[in-house]
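Residues per chain are reported as follows:
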Amino acid sequence: MHDLIVIGAGPSGYYAARKAAQSGKDVCLIEKEHLGGICLNKGCVPTKFLINTAEILSSISKSARFGIDVESYKINVKTMLERKDLIITQHRQAIEKLLTRHKVRIIKSEARLKDANTVEAAGEAVKAANIIIATGSKDAETGMLKFDHTRVLSSADMLSLKEIPKSLTIIGAGYIGCEFACIYNRFGCDVTMIELQPQILPGQDEEMAKRLMQSMQKRGIKISLNTKLNSLDDIKSEKVLLTIGRKPNIDNIGLEAAGINVTKGAIEVDKNLRTNIKNIYAAGDVIGKYCLAYTAFYEGEVLADNIFGKPRTLNYGAVPACIFTMPELACVGLSQAQAKAQGYDIKTGSYPFMASSKAHIIDEIEGLVKLIIDAKAGSILGAQILGPLACELIHELVVAINKNMTAEELAGTLHAHPTLAEALQDAAKNVK
């Protein structure tokens with residue numbers, strides 16, 4: 001009998017397996033597809049590769065401003081996809097080597113719970129004292145809006161298109177939809193977005209979402225808000241991308257056989273990620289809390305420690321949200337509306353990248369830094385950054401919020417010049 005079986009080799013799964021094995025535990029990891037899960041194979045990594053390619057295209061298109069004349073250029077889709085696939089393969093191999101080095105047993109098979117200590121995989125009844133379910137999530141669809149994987153595509157389908165479509169309609173303007181809109185707009189595709197809610201990126205700061213939408217529209221992306229789609233027949237574009245959310249992978253994995261409770265389509269867990277069955281746990285997208293790779297990494301590691309006697313409290317603290325649009329949008333903590341709804345008396349401070357020397361040097365002057373401050377305590381409640389390298393810059397503010405820093409302390413922290421990070425200090429100086 002193993003000490004631990006982990007079902008699913010995405011971020012939470014393989015991190016938990018590695019952490020437990022490093023502690024000398026006998027671990028079995030079961031994965032039906034590829035090591036690394038959606039993030040590595042069909043999500044974060046390949047999407048950001050395409051975004052980087054689009055950003056290179058953008059740099060080339062305005063190279064003349066920097067005194068560099070480029071006579072001609074074009075996208076070589078075949079080479080682009082080969083490079084993407086190479087990066088994914090290298091990372092998969094690195095994960096497998098890491099797990100093998102720590103003597104994790106890897107079974108490449110579908111898995112199904114038979115009881116609280118048994119998982120059926122590859123025709124074998126595998127037993128363990130503890131089980132972690134980390135089966136991730138998949139693209140959601142509805143009765144009317146379904147994938148055919150030919151014209152109506154999932155986000156995974158978009159990563160392997162052999163040709164750039166002439167036109168693309170994206171249903172859903174969440175972070176996945178907005179990222180793909182920016183990518184394929186830069187690739188020369190005619191992009192239209194349809195969103196049921198009154199703003200793109202529902203749930204994000206209203207001001208920042210509006211600014212990003214205006215930037216996207218300026219680049220030629222057509223956006224329809226408050227729009228309910230009655231039929232796919234109404235869409236005339238060459239391809240349709242459906243991005244209406246994600247759904248936990250809980251079907252046909254034996255939850256009923258093990259007696260595991262499910263709430264609103266996700267596995268029900270307590271504050272320690274334990275299910276109602278005392279030796280079975282769940283982490284990552286399958287619990288429906290955060291659909292983020294980095295929270296899944298964290299949950300996997302903490303869970304492995306807790307199971308094997310090294311108590312750690314899950315403390316999500318300030319979780320950043322990073323949206324790799326063009327320009328990037330990143331936030332952490334409370335938005336202005338959320339802070340007011342929670343009863344805070346607030347102040348705000350902002351600083352536009354238009355006023356940043358470094359932003360002008362790199363010719364990326366759109367956007368701003370915005371801070372939400374508790375007027376009484378002076379502490380930083382939240383922050384939003386729209387602009388160049390926002391998804392890198394946000395981490396200074398993650399630390400600031402986790403350490404309960406005040407705006408005055410951030411304003412008094414020296415920042416090098418000329419840098420984009422100066423905008424954070426200047427936003428803190430502008431709090432009023």
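The sections below set out a description of the structure shown in this document. No experiment lies behind these values; they were computed from the predicted model shown.

The rules behind each value
- Residues numbered from 1 in each chain as written.
- Predicted model: local features only at pLDDT ≥ 70, side-chain atom pairs only at ≥ 80, totals over all residues.
- Heavy atoms only, no water.
- 1 Å grid on protein atoms, 1.4 Å probe; cavity = no way out; pocket = protein on both sides within 12 Å on 5 of 7 lines; lining within 4 Å.
- Points joined across faces, edges and corners; volume = space filled by probe spheres on them.
- Helix = DSSP H or I, 4+ residues; strand = E, 2+ residues; numbered from the N terminus.
- Nonpolar A, V, L, I, M, F, W, Y, C, P; charged D, E, K, R; others polar.
- Expected span 1.5 Å × (residues − 1).
- Contact = heavy atoms within 4.5 Å.
- Pairing = 2+ DSSP bridges.
- Axes fitted to C-alpha atoms, helices over the stretch in contact; angles between N-to-C directions.
- Buried < 20%, exposed > 50% of the residue type's maximum accessible area, 1.4 Å probe, protein only.
- Patch = residues over 30% accessible without salt bridge, like charges linked within 9 Å, V, L, I, M, F, W, Y side chains within 5 Å.
- Areas by Shrake-Rupley, 256 points an atom, 1.4 Å probe, with all protein chains shown as cover.
- Salt bridge = Lys/Arg side-chain N within 4 Å of Asp/Glu carboxyl O.

**So, empty space enclosed by the protein**
With the rule as written, the count across this model stands at 1 cavity of 30 Å³ or more. Residue lining of the largest cavity: L50, V77, M80, L81, M158, L159, S160, L161, I164 and Y184, and that is the complete set. When residues of the lining of the largest cavity are assigned to their parent elements, the largest contribution, 3 residues, is made by helix 4 (residues 77-101). The residue inventory of the lining of the largest cavity, partitioned by class, reads 9 nonpolar, 1 polar and no charged.

**Some details on the layout of surface pockets**
If you add up the space inside the second largest pocket, you get close to 510 Å³. Around the second largest pocket sit 23 residues that line it, and E55, S58, K62, R186 and E364 are the ones nearest its centre. With 7 residues, helix 3 (residues 44-61) is the single largest residue contributor to the lining of the second largest pocket.

**Here we look at unusual backbone geometry**
The linkage connecting M326 with the following residue, P327, adopts the cis geometry, with an omega of 5 degrees. Along the chain, P327 falls in the loop between strand 17 (321-323) and strand 18 (328-333). The phi dihedral of H149 is positive, around 60 degrees, even though this residue is not glycine. Here N404, not a glycine, exhibits a phi torsion of approximately 60 degrees, which is positive. Residue position: N404 is located in the loop between helix 12 (390-402) and helix 13 (407-411).

**Digging into helix 9 (residues 293-307)**
Across its 15 residues, helix 9 extends 21 Å between first and last C-alpha, which sits within 8% of the 21 Å expected from 1.5 Å per residue. Packed against the buried residues of helix 9 are strand 1 (2-7), helix 1 (11-22), helix 2 (37-42), helix 3, strand 6 (124-133) and strand 16 (280-282).

**Some points on the sheet that holds strand 20 (residues 368-374)**
Strand order in this open sheet of 5 strands is 17-18-21-20-19, and the pairing throughout is antiparallel. Edge positions in the sheet fall to strand 17 and strand 19 (346-352), since each of these pairs with one other strand and no more. If you compare each strand with its neighbour and ignore which way they point, the axes differ by 10 degrees on average. As defined by bridge partners, strand 18 adjoins strand 21 (residues 380-387) across 6 bridges and the pair is classed as antiparallel. Following the sheet pairing, L329 is matched in strand 21 by L386.

**A short note on the pairing of strand 18**
The element strand 18 is extensively covered by neighbouring structure, given that 5 of its 6 residues are classed as buried. By the bridge criterion, 3 bridges tie strand 17 to strand 18 in an arrangement that is antiparallel. Bridge pairing links A321 to C331 in strand 18. Between the end of strand 17 and the start of strand 18, which pair antiparallel, lie 4 residues.

**So, the environment of V152**
Looking at the element boundaries, V152 is found in strand 8 (residues 152-153). Assessed through its relative accessible area of 5%, V152 is described here as buried. In this structure, the C-alpha to C-alpha distance between V152 and T169, residues 17 residues apart in sequence, is 9.5 Å. Discounting residues that sit within four places of it in the chain, V152 has contacts with K146, F147, D157, L232 and V240.

**Comments concerning helix 3**
Taking 1.5 Å of rise per residue, the 18 residues of helix 3 would be expected to cover 26 Å, and the 26 Å separating its terminal C-alpha atoms lies within 8% of that figure. For helix 3, the complete set of buried residues consists of P46, T47, F49, L50, I51, T53, A54, L57 and S58. Buried residues along helix 3 sit in contact with helix 2, helix 4 and helix 6 (175-186).

**Some points on the sheet that holds strand 11 (residues 222-224)**
Read across the sheet, 5 strands follow the order 8-12-9-10-11 without closing on themselves; strand pairing throughout is parallel. A single partner strand is all that each edge strand has here, and the edge strands are strand 8 and strand 11. Pairing between strand 10 (residues 190-194) and strand 11: 3 bridges, direction parallel. Following the sheet pairing, T192 is matched in strand 11 by K222. Its contacts with the sheet put helix 6 on strand 9 (167-171), strand 10 and strand 12 (239-242), and the angle it makes with strand 10 is roughly 165 degrees.

**Regarding a nonpolar patch on the surface**
Together, F66, I68, V70 and Y73 make up a nonpolar patch on the protein surface, roughly 380 Å² of accessible area in all. Relative to the helices and strands, V70 resides in the loop between helix 3 and helix 4. Among the residues examined, V70 registers a relative accessible area of 39% and is labelled partly exposed.

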